[in-house]
Amino acid sequence: MFFIRPPAGLVAKLPLARAMSDGLMIEVSNLTKRYAGHTAVSGISFAVRRGEIVGLVGSNGAGKSTTLRILSGYLPASGGTVRVAGFDVFAQSMEVRRRIGYMPENNPLHPEMRVREYLKFRARLKGLSWGQTRQRVDMVLQQCGLVEAQKSVIGQLSKGYRQRVGLADALVHEPELLILDEPTIGLDPRQIRSVRQLIKSLAGRHTVLVSSHILSELEMTCHRMVILHEGRIAAADTPDNLQALMGGRGQVVAEIAASQAELQAAFDTIAEIRHADISPVAGDFFRCALTPQDGVDLRSRVFNLALQRGWPVRELTRQRHTLEDIYVRLTRVEEEET
Amino acid sequence: MQAYVTLTRRELGSFFVSATGFLVIAAAAFLQGLSWVVLVAQLQAEPTPLPITQLFYSTPYFWLILQLATPVITMRLFALEKASGTFETLMTTPVTELQVVLAKYTAALVFYVLLWLPSLACVLILRHFINTPTALDPGLLASTFLGITLLGGLFMALGCFASALAHTQIMAAMLSFTLGFTLFLLSLLSGRVTVAGGWQEELLTRVALMDHMNDFARGLVDVRHLVFYLSLTAWFLFLTVRVVESRRWK
């Protein structure tokens with residue numbers, strides 16, 4: 001299994017980071033969960049280092065929520081072991097619960113309570129003293145942008161604000177591990193961005209395990225992704241490595257103003273170009289889709305070529321596979337195998 | 001302890017944020033007032049040597065309030081949290097099942113006791129106009145309220161159990177009403193039917209709730225009754241804890 005290490009200095013500075021030999025926040029080994037009639041999660045294993053942000057991705061029903069519920073100690077596993085900060089989630093449930101901030105799917109809240117009142121209630125429930133409660137509630141209200149809304153009744157808040165209340169609740173006792181189940185579901189793009197920024201700002205201080213069924217959302221936030229498909233891990237790696245997994249770096253696309261024959265002849269002289277596909281586009285420009293040899297970045301070659309010949313260039317990009325493609329491909333492979 | 005106090009406060013507070021809590025209090029106050037009016041009218045018609053607290057139980061109002069208030073107070077305790085999903089956020093904080101059950105039970109019992117305060121006011125008013133101060137002896141009142149609290153405590157425990165079992169509030173209300181009404185019917189039966197010997201007789205004499213209440217209203221605090229109510233309450237609370245824990249065995 002592959003891990004991204006957070007910068008070494010960062011971990012040492014953490015107030016909550018305890019000296020642990022392996023530095024693992026979550027260790028899941030061979031986790032299985034069977035409900036009556038079907039298996040939701042079958043034999044998955046993964047680990048998360050302290051300070052990492054890890055995304056759990058999968059389509060609906062892939063087993064994300066079940067996995068997170070077991071991690072938070074709400075549901076027991078049918079098989080396998082789960083350890084959080086070195087404690088077994090079932091046998092040492094209280095120790096685990098003290099260390100996690102969990103926001104379930106759909107973010108359930110008490111609609112009749114006011115924001116500040118609710119956060120105070122949750123902080124006290126999680127064992128904070130009165131002094132700590134006041135201090136921490138003030139802090140998370142600020143952190144989650146809820147200062148103006150602190151006297152509002154939760155039931156009357158917009159979805160975006162309710163989501164922030166859920167996040168503030170998960171953060172209020174400064175947990176070592178944050179478990180967020182679909183924190184951006186149902187939000188508009190601007191709200192999604194602010195939630196994403198908030199999660200990103202937690203890196204290093206907290207370990208975060210966040211789930212989503214939208215890959216592109218996690219691609220930008222997470223150090224590492226675990227892709228679940230039908231209760232099994234289809235892939236687990238950094239977003240970059242997942243890109244590489246697709247085999248070969250992406251095509252380079254260039255729009256150049258020159259004649260087609262000149263372009264074809266020029267591309268033939270470059271050995272790294274395996275295949276060139278030239279088609280006319282608006283104006284005098286031609287769109288050249290260049291497939292490289294494995295692992296070669298053609299952009300600088302193409303740029304230099306155009307510079308030498310004095311050809312105007314109006315676009316030069318290397319196409320990346322979106323993780324969406326990777327996800328579809330991975331899950332399709334899986335289906336073909338079974 | 002901190003978790004228990006925090007939870008109890010929230011539970012108790014949630015009774016008063018909606019109109020339901022106040023409606024229940026108003027309805028109970030109305031029925032209690034009505035029962036006292038009826039009582040006093042009866043007393044004017046024909047004097048009786050029985051203490052007035054005992055007569056109170058002979059009106060159907062006491063039992064009506066008990067039967068109706070129990071499901072309304074207890075139905076939301078667990079069922080609402082399970083339906084809305086807040087049960088998940090609750091049970092992933094460092095609180096034990098016992099703390100949760102006891103906090104919810106305490107809140108329900110406190111609310112139930114609050115329901116009976118208007119009848120205390122009725123007693124005080126009556127006392128003001130009455131000629132013989134011995135008719136309303138403080139000890140008698142205390143034992144009557146002890147009886148009301150013990151019986152209510154048992155019914156709240158039944159309601160907690162029903163709410164923990166049910167998935168929706170309606171189901172919880174129906175279940176707790178059924179449980180409470182079964183107990184009430186058994187005690188009604190024990191007054192009407194005489195069974196000679198066997199477990200049937202044993203059962204009917206034990207669950208004679210009305211006889212128990214009569215004893216309390218006469219100022220008689222029978223240890224057998226105390227043991228009966230306290231042990232049955234503890235048993236149902238124990239069952240409730242087991243039901244809440246059962247999530248972790250599945």
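As the structure is a computational prediction, the values presented were derived from the model and not from experiment. (Residues numbered from 1 in each chain as written. Chains lettered and ligands numbered in written order. Predicted model: local features only at pLDDT ≥ 70, side-chain atom pairs only at ≥ 80, totals over all residues. Heavy atoms only, no water.)

1. Let's talk about the overall build of chain A
For the record, the criterion: Secondary structure is summarised from DSSP: a helix means a run of H or I of at least four residues, a strand means a run of E of at least two, and numbering begins at the N terminus for each. Only protein chains enter the area calculation, which uses a 1.4 Å probe; residues under 20% of their type maximum are buried, those over 50% are exposed, and those in between are partly exposed. Should any heavy atoms of two residues lie within 4.5 Å, those residues are counted as being in contact.
Broken down by element type, chain A carries 12 helices and 14 strands. When burial is assessed residue by residue, chain A has 51% of its 338 residues classed as buried. Counted over contacts in chain A with a minimum sequence separation of 6, partners at least 24 positions apart contribute 68%.

2. Some thoughts on the environment of Gly283(A)
In this fold, Gly283(A) is placed in the loop between strand E12 (273–280) and strand E13 (285–292). Taking the C-alpha atoms as reference points, Gly283(A) and Ala257(A), 26 residues apart in sequence, are found 8.2 Å from one another.

3. Points about the sheet that holds strand E6 (residues 100–103) of chain A
Pairing between the strands of a sheet comes from backbone hydrogen bonds, and it takes one of two forms, parallel or antiparallel. All names here are of chain A. As a reminder of what qualifies: Strand pairing is assigned whenever DSSP detects at least two bridges linking the two strands. For helices, the fitted axis covers only the stretch in contact; all axes are lines through C-alpha atoms, and the angles between them, taken along N-to-C directions, range from 0 to 180 degrees.
Across the sheet, which stays open at both edges, the six strands sit in the order E6-E7-E8-E3-E9-E10 with mixed pairing between neighbours. The outermost strands of the open sheet, each flanked by one partner alone, are E6 and strand E10 (232–237). Ignoring strand direction, the axes of neighbouring strands in this sheet form an average angle of 15 degrees. Two strands pair when backbone bridges link them, and strand E3 (residues 53–57) and strand E9 (residues 224–229) are joined in this way by four bridges, in the parallel orientation. Looking across to E9, one finds that Val 54 is bridged to Arg 224.

4. With respect to the interface of chain A and chain B
The condition is simple: What gets called buried area is simply the loss in accessible area from a 1.4 Å probe that two parts show on being joined, summed for both. Salt bridge, as used here, is a side-chain nitrogen of Lys or Arg placed within 4 Å of a carboxyl oxygen of Asp or Glu.
At the junction of the two partners, chain A supplies 25 residues and chain B supplies 25 residues. Where chain A abuts chain B, roughly 2,500 Å² becomes buried across the two surfaces, and 59% of that area is made up of carbon and sulfur atoms. It is Tyr74(A), Arg97(A) and Leu125(A) in chain A that bury the most area against chain B; as a group they hold 29% of the surface buried on that side. At the junction of chain A and chain B, the tally comes to two salt bridges. Note that Glu88(B) is salt-bridged to Arg69(A), the shortest N-O span being 2.9 Å.

5. Concerning the pattern of salt bridges
Per the stated rule, a full pass over the model turns up 24 salt bridges over all chains. Salt-bridge contacts for Arg116(A) lead to Asp138(A); the nearest nitrogen and oxygen are separated by 3.1 Å. Of the two residues, Arg116(A) is situated in helix H4 (residues 115–125) and Asp138(A) in helix H5 (residues 130–143); the sequence distance between them amounts to 22 residues. Because the salt bridges share partners, they merge into one network encompassing Glu112(A), Arg10(B), Glu11(B), Arg76(B), Glu81(B) and Lys104(B).

6. Comments concerning the pairing of E13(A)
Residue and element names in this part refer to chain A. Of all eight residues that make up E13, six are buried, and the element is covered over most of its length. Pairing of strand E11 (residues 252–257) with E13 involves six bridges; the strand directions are antiparallel. Within the sheet, the bridge partner assigned to Val 253 lies in E13 and is Ala 289. Strand direction decides the pairing type here: E12 and E13, joined by seven bridges, are antiparallel. Within E13, the residue paired with Asp 277 across the bridge is Ala 289.

7. Regarding the domain arrangement of chain A
The cut-off we apply is this: Residue ranges for the domains trace back to a domain assignment, done automatically or taken from a database.
Split into domains, chain A comes out as domain 1 (8–244) and domain 2 (252–318). Just the C-alpha atoms count here: the centres of domain 1 of chain A and domain 2 of chain A sit 46 Å apart.

8. Things to note about helix H11 (residues 299–309) of chain A
All names here are of chain A. Our working rule: This arc is taken over the directions from the axis of the helix to the C-beta atoms.
Residues of H11 that are buried include every one of Val 302, Leu 305 and Ala 306, and no others. Looking straight down H11, one finds its buried side chains confined to an arc of 95 degrees; they lie on one side. Opposite its buried face, H11 presents the exposed residues Leu 307 and Gln 308, each directed more than 90 degrees away. In the core, the buried residues of H11 are packed alongside E11, helix H10 (260–269), E13 and strand E14 (313–318). Where H11 ends, the next residue or the one after it, Gly 310, has phi of about 70 degrees, a positive value.

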